[in-house]
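Here are the chains, one letter per residue:
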Amino acid sequence: MAQQTPEKVAFLFPGQGSQIVGMGKDLYDSSPAAKAIFQEIDETLGRSLSGLMFNGPSEDLTRTENAQPAITAASIATWKAMEEATGVPQAPQMTAGHSLGEYSALAVSGVLSTADTVRLVVARGRLMQKACDERPGGMAALIGIDEMSVEEVCRETGTYISNINSSEQIIISGDHMRLAQAIDLASARGARKAIPLAVGGAFHSGLMESAQHGLNEVLETLTFHDPIVPLIGNVDAQPLATAAAIVDELKLQLMSCVQWNRTVGFMLGQNVDQFIEIGPGRVLAGLVKRIDRSANVLSIGDYQSVQAYAAA
């Protein structure tokens, strides 16, 4: 009888926009391991982030400086609940995160401790909020237009390609006036849809320059370790195998395009059999399916889905 090849699993972690009031509450109530993570993060920050996550109000949770550590906390707590429920360490063959999600991947890959991960994310969120206040901007999703055409639109309007989520979905950003021009031009060039996004600023663009400089200073104060599993980076969609490579990635990430389509493509090329999205929402599972309809995807973001995963 032929020996069955072990399944190759990738863990994926969601980015900003996945937050929702109440996320993580059932994990806190039902999983001691998850509860310990929320308590550690509250102690690290010196405030009740978990209280804001569980009870809102939504307008406070949505602010960048709160949404980012909240999503990270929920993602790490879910991963710890998975380990508790299965009784074994949950180390995938690869991991990746979408923008902010890359920081959750740092903790799961053993690059940073939970406390240092959250400290870094809090600094990132604060610096990004400040950059948004100083240089207001926005983002828009372009559907059904190719990457080369979007590059031309951005070049002609002074906007930026921020995320290439799939061959059919590209996110652009810029100041409000230029972004409006880009939306009109993309529609004229054949975009099936051009949808302004409800976000706080022009993330992954030149408007984040001050935030990137500030974050780079914070990065120099932390101790990074080589990842225990390969982390596929946002900037180049290639494995980051050393602490130094990860720091170099993070020093570019805020102003660089998130190459999600290529990240998933790389993993598929490495024969990943299953993609597991860990944390609030199902955005990444949907994007993976857009990239490859045959991909095996699973979303785990609450206690019920953790239990179902452990029972499988």
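Data block above holds the structure.
Calculation notes
- Residues numbered from 1 in each chain as written.
- Predicted model: local features only at pLDDT ≥ 70, side-chain atom pairs only at ≥ 80, totals over all residues.
- Heavy atoms only, no water.
- Helix = DSSP H or I, 4+ residues; strand = E, 2+ residues; numbered from the N terminus.
- Polar contact = N/O pair within 3.5 Å; in protein donor to acceptor, adjacent residues only side chain to side chain.
- Contact = heavy atoms within 4.5 Å.
- Buried < 20%, exposed > 50% of the residue type's maximum accessible area, 1.4 Å probe, protein only.
- Arc of directions from axis to C-beta.
- Pairing = 2+ DSSP bridges.
- Axes fitted to C-alpha atoms, helices over the stretch in contact; angles between N-to-C directions.
- Core = buried A, V, L, I, M, F, W, Y, C linked by side-chain atoms within 4.5 Å.

K.L.:
How should the side chain of serine 31 be read in this particular structure?
P.N.:
Looking at the secondary structure, you find serine 31 in the loop between helix 1 (25-30) and helix 2 (32-45). Separated by 3.1 Å, the side chain of serine 31 and the backbone nitrogen of alanine 34 make a polar contact. Leave out the neighbours within four places in its chain, and serine 31 touches Ala81, Glu84 and Tyr303.

K.L.:
I tried to follow helix 13 (residues 283-291) on my own but got confused; where do I start?
P.N.:
For helix 13, every residue scored as buried is listed here: Leu284, Ala285, Leu287 and Val288. The arc that holds every buried residue of helix 13, seen down its axis, measures 160°, which confines them to one face. Turned more than 90 degrees from where helix 13 packs its buried face, Val283 and Arg290 sit exposed. Of the surrounding elements, those touching the buried residues of helix 13 are strand 1 (9-13), strand 4 (160-166), strand 5 (169-174), helix 12 (260-269), strand 9 (274-278) and strand 10 (296-300).

K.L.:
Explain the sheet that holds strand 4 here, please?
P.N.:
What holds strands together in a sheet is hydrogen bonding between their backbones, with the strands either parallel or antiparallel. Overall, antiparallel pairing links the four strands, which are arranged 4-5-3-6 in an open sheet. Pairing within the sheet leaves two strands with one partner each, and these edge strands are strand 4 and strand 6 (193-196). The mean inter-strand angle of the sheet, taken between neighbouring strand axes irrespective of direction, is 20°. Contacts from helix 13 reach strand 4 and strand 5, with the element oriented near 75° to strand 4.

K.L.:
I keep staring at the nonpolar core and nothing clicks. Help me out?
P.N.:
Phe11, Met53, Leu106, Leu120, Met208, Phe224 and Leu250 are the most contacted members of the largest nonpolar core, which totals 60 residues. If you tally residues by element for this core, the top one is helix 5 (residues 64-86), at nine residues. Look past the residues within four positions of methionine 53 in its chain and what remains in contact with it is Ile20, Val21, Gly22, Met23, Phe38, Leu61, Ala70, Ala73 and Ala74. Ranked by size, the runner-up nonpolar core spans 17 residues in total, among them Leu142, Ile161, Ala182 and Cys257.

Geometric values such as these leave the question of function open.
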